[in-house]
Amino acid sequence: YSAKKQRNHYEFFRPSDAADSAERLFLESDLTAALGRGEFELYYQPQIRHGSIIGFEALLRWNHPTRGLIPPASFIPLAEQRGHILGIGNWVLVTACRQFRDMLEQGHTLEHIAVNISVSQFYQLHFVRNIHNALIESGLEPHYLQLEITESAAMKNVPYFIDTLNELHKLGIKIAIDDFGTGYSSFNYLSQFPLDALKIDRSFIWNMDKGDKHVSVVGGIILMASALQLDVVAEGVETQEQAQLLEELGCTVAQGYLYGRPLPLREAYALLGEPGQHAAALTG
Ligand code: C2E
Ligand code: MG
Ligand code: MG
Ligand code: MG
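Residues numbered from 1 in each chain as written. Chains lettered and ligands numbered in written order. Predicted model: local features only at pLDDT ≥ 70, side-chain atom pairs only at ≥ 80, totals over all residues. Heavy atoms only, no water.

Naming follows an unreviewed UniProt entry, where the protein chain appears as Bifunctional diguanylate cyclase/phosphodiesterase of Paenibacillus chartarius.

The next thing to look at is the overall build of the protein chain. Secondary structure assignment for the protein chain yields 14 helices and ten strands. For the protein chain, the share of sequence-separated contacts (at least 6 apart) that also reach a separation of at least 24 residues comes to 69%. Per element, the accessible surface of the protein chain, about 13,700 Å² overall, is 51% carbon and sulfur. (Helix = DSSP H or I, 4+ residues; strand = E, 2+ residues; numbered from the N terminus. Contact = heavy atoms within 4.5 Å. Areas by Shrake-Rupley, 256 points an atom, 1.4 Å probe, with all protein chains shown as cover.)

Take the site of ligand 1 next. In the vicinity of ligand 1 there are 23 residues, among which Arg61, Asn116, Arg202, Glu238 and Tyr257 approach most closely. Within the side chain of Asp179, a nitrogen or oxygen atom sits 3.0 Å from an oxygen atom of ligand 1. Within the side chain of Arg202, one N or O atom sits 2.5 Å away from an oxygen atom of ligand 1. When residues of the shell around ligand 1 are traced back to their parent elements, those giving at least two are β2 (52–64), β6 (174–180) and α11 (202–207). Top element by residues in the shell around ligand 1 is β2. It accounts for four residues. Its residues placed into classes, the shell around ligand 1 shows nine nonpolar, six polar and eight charged. (Near = heavy atom within 4 Å. Polar contact = N/O pair within 3.5 Å; in protein donor to acceptor, adjacent residues only side chain to side chain. Nonpolar A, V, L, I, M, F, W, Y, C, P; charged D, E, K, R; others polar.)

Protein-derived ligands of the magnesium ion (ligand 2) are Glu57 (OE), Asn116 (OD1), Glu148 (OE) and Asp178 (OD), with the metal-ligand distances lying across 1.9 to 2.2 Å. As a motif over one chain, the donors of the magnesium ion (ligand 2) read E-x58-N-x31-E-x29-D. The magnesium ion (ligand 3) is placed at 3.9 Å from the magnesium ion (ligand 2), the two being bridged by Asp178. Of this pair, Glu57 sits in strand β2 while Asn116 sits in strand β4 (residues 112–116), placing them 59 residues apart in sequence. (Donors = N, O, S within 2.8 Å, 3.2 Å for Na, K, Ca; no water.)

Remember that side chains alternate between the two faces of the sheet whenever the strand is regular. In strand β7 (residues 197–200), alternate side chains face the same way, and those of Ala197 and Lys199 on one face and Leu198 and Ile200 on the other are all buried. Two strands pair when backbone bridges link them, and β7 and strand β8 (residues 231–234) are joined in this way by four bridges, in the parallel orientation. Across the sheet, residue Leu198 finds its bridge partner in β8, namely Val232. (Buried < 20%, exposed > 50% of the residue type's maximum accessible area, 1.4 Å probe, protein only. Pairing = 2+ DSSP bridges.)

Structure follows, in structure tokens:
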């Protein structure tokens with residue numbers, strides 16, 4: 001990676017660090033106009049199976065005119081509070097679907113694009129219809145879309161959650177539980193949820209460095225997922241040791257800095273290489 005890319009990543013502006021209410025207010029008024037001014041951008045982080053890119057997770061960035069690149073943790077909670085998240089969320093959906101459809105049209109063989117859905121987005125009126133519209137608008141086939149939903153969305157209203165997932169499945173859309181293991185969903189419910197994948201939270205992956213017990217926990221999650229016939233994705237894989245352990249435990253899909261950071265669209269294309277050719281093996 002170029003020095004600039006590294007710099008972009010580490011010199012993120014964090015209003016939460018500043019903990020300054022004037023600052024928050026300033027950002028808030030900018031947030032209202034950001035969508036119309038075209039300041040949002042999707043970055044793409046590769047997901048890897050056996051050294052090949054099988055898809056990407058779309059991750060939102062705000063190119064602020066004076067503050068530079070702002071990460072989602074610094075403005076998504078604000079957007080949720082102020083009711084901007086639905087507009088932003090729809091933009092994310094349509095843009096991710098469209099940009100991924102372009103990748104497929106250019107001849108790349110990929111399985112899915114993963115898109116994060118916040119709790120309030122999930123519980124908005126006409127959520128399923130909005131997703132459906134985004135697919136129609138972009139011309140992407142539904143099975144390519146994987147929605148990432150957290151356990152908190154699942155537990156907020158279990159019957160509604162299950163109904164909505166069933167509706168999404170009827171359309172052919174895939175569902176992954178994001179940050180799995182950090183929330184409060186019970187194992188009792190897990191078998192009742194119509195899911196396609198679990199993403200093991202990165203804290204579990206990092207804890208594996210601390211010893212066998214932690215490795216066993218990850219192994220247990222992987223076994224449970226396979227018993228429930230779910231795909232497993234390991235998040236936040238940063239070292240060869242973690243990758244090796246995950247492979248031994250039977251986890252076949254990984255995502256993390258070891259393979260690639262979230263990248264602007266053009267750089268994601270560069271990572272894919274020429275269509276038809278195998279992308280360079282991504283082993284860090
Ligand atoms: P997430 O969905 O769990 O996304 C993974 C986060 O982990 C991303 O942070 C990614 O850059 C980071 N990450 C990936 N691999 C590694 C690694 O190896 N090491 C480390 N240290 N970090 C890694 P990011 O992009 O800052 O996003 C943070 C969160 O913001 C996301 O967590 C997601 O919950 C939310 N988010 C991002 N984009 C959207 C969006 O379009 N809509 C909504 N509703 N939420 C979003
Ligand atoms: Mg995610
Ligand atoms: Mg996650
Ligand atoms: Mg997260």
